[in-house]
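# Secondary and tertiary structure notes
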Amino acid sequence: MLRYIYADDLRRAPKLARTMFRDRGEQFHTRLNWKVTVAGDGSERDEYDALNPLYVIWERPDGSHGGSLRFLPTTGPCMVNDHFLHLTDGVKIESPLVWECTRFCLAPGADTRVSAALMLGGMEAGRASFLTHAVGVFDARMVRVYRRLSWGPIILGTCGTGRDAISVGLWAFQEDGVRARLLDRVGVSSGVSEGWLTQSLDGIAALDPAIA
Amino acid sequence: MLESFLERLEGVETLSDLDAAILSLSSELDVEHVVYHSVKSTGEQYAALTYSDEWVARYLEKDYARIDPVVQACIRRFHPIDWKRLNWSGKAVKSFLHEAIDSGIGNQGFSVPIRGPSGQFALFTVSGSEKDDRWATYTQERSRELILASHYVNQKALEIECGSDQLEIVSLSPRETDALTMLALGFNRAQAAESLSISEHTLRVYIESARFKLAASNTTHAVARAMNQGLLNIC
């Protein structure tokens, strides 16, 4: 199932968190050879994980990570505006209606259904937050995969070649029929997909009053 | 959408102009109450709101921000939040809610958390008395407008204050970071102290020094500000 978890809630799902950061190391460091920081246990984290991002995570039946992506608002610090301005002609993408989506990651062996589920998760989070677009930083070779899943980005710029190629692109949330096609690909009903979202995001408890 | 408000905002040069502009938003947005509350990276706060002075005084006197589910959610989240979706259980929170409703805040609310540059954050809220279905229609139809209004207000507030909001890079010591991280993760003081193998007294000292460095008025703010600046080890 899809889960939507802010970083400060990851401790409630330790296995999911551990395997997500491990799989990110596997994908971005080992497979793609991006310049990312990997800890001794092979897990990959960057400074944006410390900004309490929202993760969309595909959870396998055994509680481990099947795939994930990461959202941050573009009004605060984020990767596109801090590091990829050369791919957007120097234009900062800064809007309350646009979130940044980065670290689209698949666990080794994950099939296209997981890719579709993550895109559905991105769509659901965007719709629930009334966004117009997501701006993404991604492995350029994934564009074909996104298009085949019926929701391709508008490419703003690309640097590097081959497996080093990184692109910045925009996804529009109001594309006709995309949500229905993604639901179909994942094999889940609209109601259940919405249920996954509300189950994840509702009812945030207050901090322990004793500390305040 | 928001044209006359934006026109008005253009002429805003001082905080008192901004106050008046924010108060005028309630009629533009067809809602009883509008609240804007900003906490800058220097720890200074600014608020403009249509709630009664009595309720504001009561809220501050009781330090309700500690338990207010809206504040607690918004400092740690960035998606817009309908109040119905928050957790209002617990005795203290329930009695706070009843008191708020009795003070004319309304039974419905919609809040937009705002993450600005370098740890600045703000909260924009509309609230009022309305039936569930009518409120759902209202927020669905006006959500983008509400989100944009909140950010226009925030930008203007930052612009007015930019002279005094020089971005100070705060650096915390590892122990201060540990202490705030534990609190951010929801541990109480006793549990945090035990996990860090220090006394509660020592923990308090770390929290206080971090609070001072972050120029935060209370621990909740200190945690939120440190988190928004990426200073905590929360994952």
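Conventions adopted
- Residues numbered from 1 in each chain as written.
- Chains lettered and ligands numbered in written order.
- Predicted model: local features only at pLDDT ≥ 70, side-chain atom pairs only at ≥ 80, totals over all residues.
- Heavy atoms only, no water.
- Helix = DSSP H or I, 4+ residues; strand = E, 2+ residues; numbered from the N terminus.
- Rg over C-alpha atoms; globule rule 2.2 N^0.38 Å.
- Buried < 20%, exposed > 50% of the residue type's maximum accessible area, 1.4 Å probe, protein only.
- Contact = heavy atoms within 4.5 Å.
- Areas by Shrake-Rupley, 256 points an atom, 1.4 Å probe, with all protein chains shown as cover.
- Lys, Arg positive; Asp, Glu negative; His and termini not counted.
- Charge placed at Lys NZ, Arg CZ, Asp CG, Glu CD.
- Domains from an automatic or database assignment.
- Buried area = accessible area lost by both parts, 1.4 Å probe.
- Polar contact = N/O pair within 3.5 Å; in protein donor to acceptor, adjacent residues only side chain to side chain.
- Nonpolar A, V, L, I, M, F, W, Y, C, P; charged D, E, K, R; others polar.
- Core = buried A, V, L, I, M, F, W, Y, C linked by side-chain atoms within 4.5 Å.
- Expected span 1.5 Å × (residues − 1).
- Pairing = 2+ DSSP bridges.
- Axes fitted to C-alpha atoms, helices over the stretch in contact; angles between N-to-C directions.

The next point concerns the overall build of chain B. Secondary structure assignment for chain B yields 10 helices and five strands. Here chain B has a C-alpha radius of gyration of 19 Å; the compact-globule value for 235 residues is 18 Å, and the two agree. If you line up chain B on its principal axes, its C-alpha atoms span 55 × 45 × 30 Å. For chain B, the residues scored as buried account for 53% of the 235 residues in total. Pairs at least 24 residues apart make up 64% of the contacts formed inside chain B by residues separated by at least 6 positions. By element, 52% of the accessible surface of chain B is carried by carbon and sulfur atoms, the whole surface being about 10,500 Å². Both charge centroids of chain B, one from 23 positive and one from 32 negative side chains, sit 9 Å from each other.

Residue and element names in this part refer to chain B. Domain annotation for chain B reports domain 1 (3-164) and domain 2 (174-228). For domain 1 and domain 2, the distance between their C-alpha centroids amounts to 27 Å. At the interface, 13 residues of domain 1 touch 11 residues of domain 2. Interface area for domain 1 against domain 2, summed over the two sides, is near 990 Å², with a carbon-plus-sulfur share of 54%. For the pair domain 1 and domain 2, the interface holds zero residue pairs in polar contact (both at pLDDT 80 or more). For the side of domain 1 that touches domain 2, the residue count by class is three nonpolar, six polar and four charged.

As a further point, take unusual backbone geometry. All names here are of chain A. The phi torsion at N33 lies on the positive side, around 60 degrees, for a residue other than glycine. By the secondary structure assignment, N33 is in the loop between α1 (14-31) and β2 (54-59). Positive phi, normally seen in glycine, also occurs at F130, with a value near 60 degrees. Along the chain, F130 falls in the loop between α3 (112-128) and β5 (133-139).

We now examine the nonpolar core. Formed by 60 residues in total, the largest nonpolar core has its most connected members in L2, Y4, L54, F71, F104, M119 and W151 of chain A. Here this core gets eight residues from one element, more than from any other, and that element is α3 of chain A. In terms of nonpolar packing, the next biggest core, distinct from the first, is built from 33 residues, I5 and A17 of chain A together with L203 and A216 of chain B among them.

Residues and elements named next belong to chain A. Its 18 residues place the ends of α1 24 Å apart at the C-alpha level, agreeing with the 26 Å of an ideal helix rising 1.5 Å per residue. Taken residue by residue, α1 has L16, A17, T19, M20, F21, D23, R24, G25, Q27 and F28 as its buried positions. Buried-residue contacts for α1 involve β1 (2-6), β2, β3 (65-73) and β4 (98-106).

Quick reminder: α-helices carry 3.6 residues per turn. Residues three or four places apart thus point the same way. Residue and element names in this part refer to chain B. The element helix α7 (residues 174-184) is extensively covered by neighbouring structure, given that eight of its 11 residues are classed as buried. Listed in full, the buried residues belonging to α7 are E176, T177, A179, L180, T181, M182, L183 and A184. Check the buried side of α7 and you find it contacts α8 (189-195), α9 (200-213) and α10 (219-228). Backbone geometry just downstream of α7 places G186 in the positive-phi region, at approximately 95 degrees.

Moving on to the sheet that holds strand β2 (residues 45-49) of chain B. Residue and element names in this part refer to chain B. The sheet built from five strands is open, its strands ordered β2-β1-β5-β4-β3 with antiparallel pairing. Each having just a single partner strand, β2 and β3 (81-82) make up the two edges of the open sheet. Across eight bridges, strand β4 (residues 108-115) lies against strand β5 (residues 121-128) in antiparallel orientation. In the strand pairing of β5, R115 is matched with F121. Against the sheet, helix α6 (residues 132-161) touches β1 (33-39), β3, β4 and β5, its axis set at about 30 degrees to β4. Here α10 sits on the sheet and contacts β1, β2, β4 and β5; the angle it forms with β5, its principal contact strand, is near 120 degrees.

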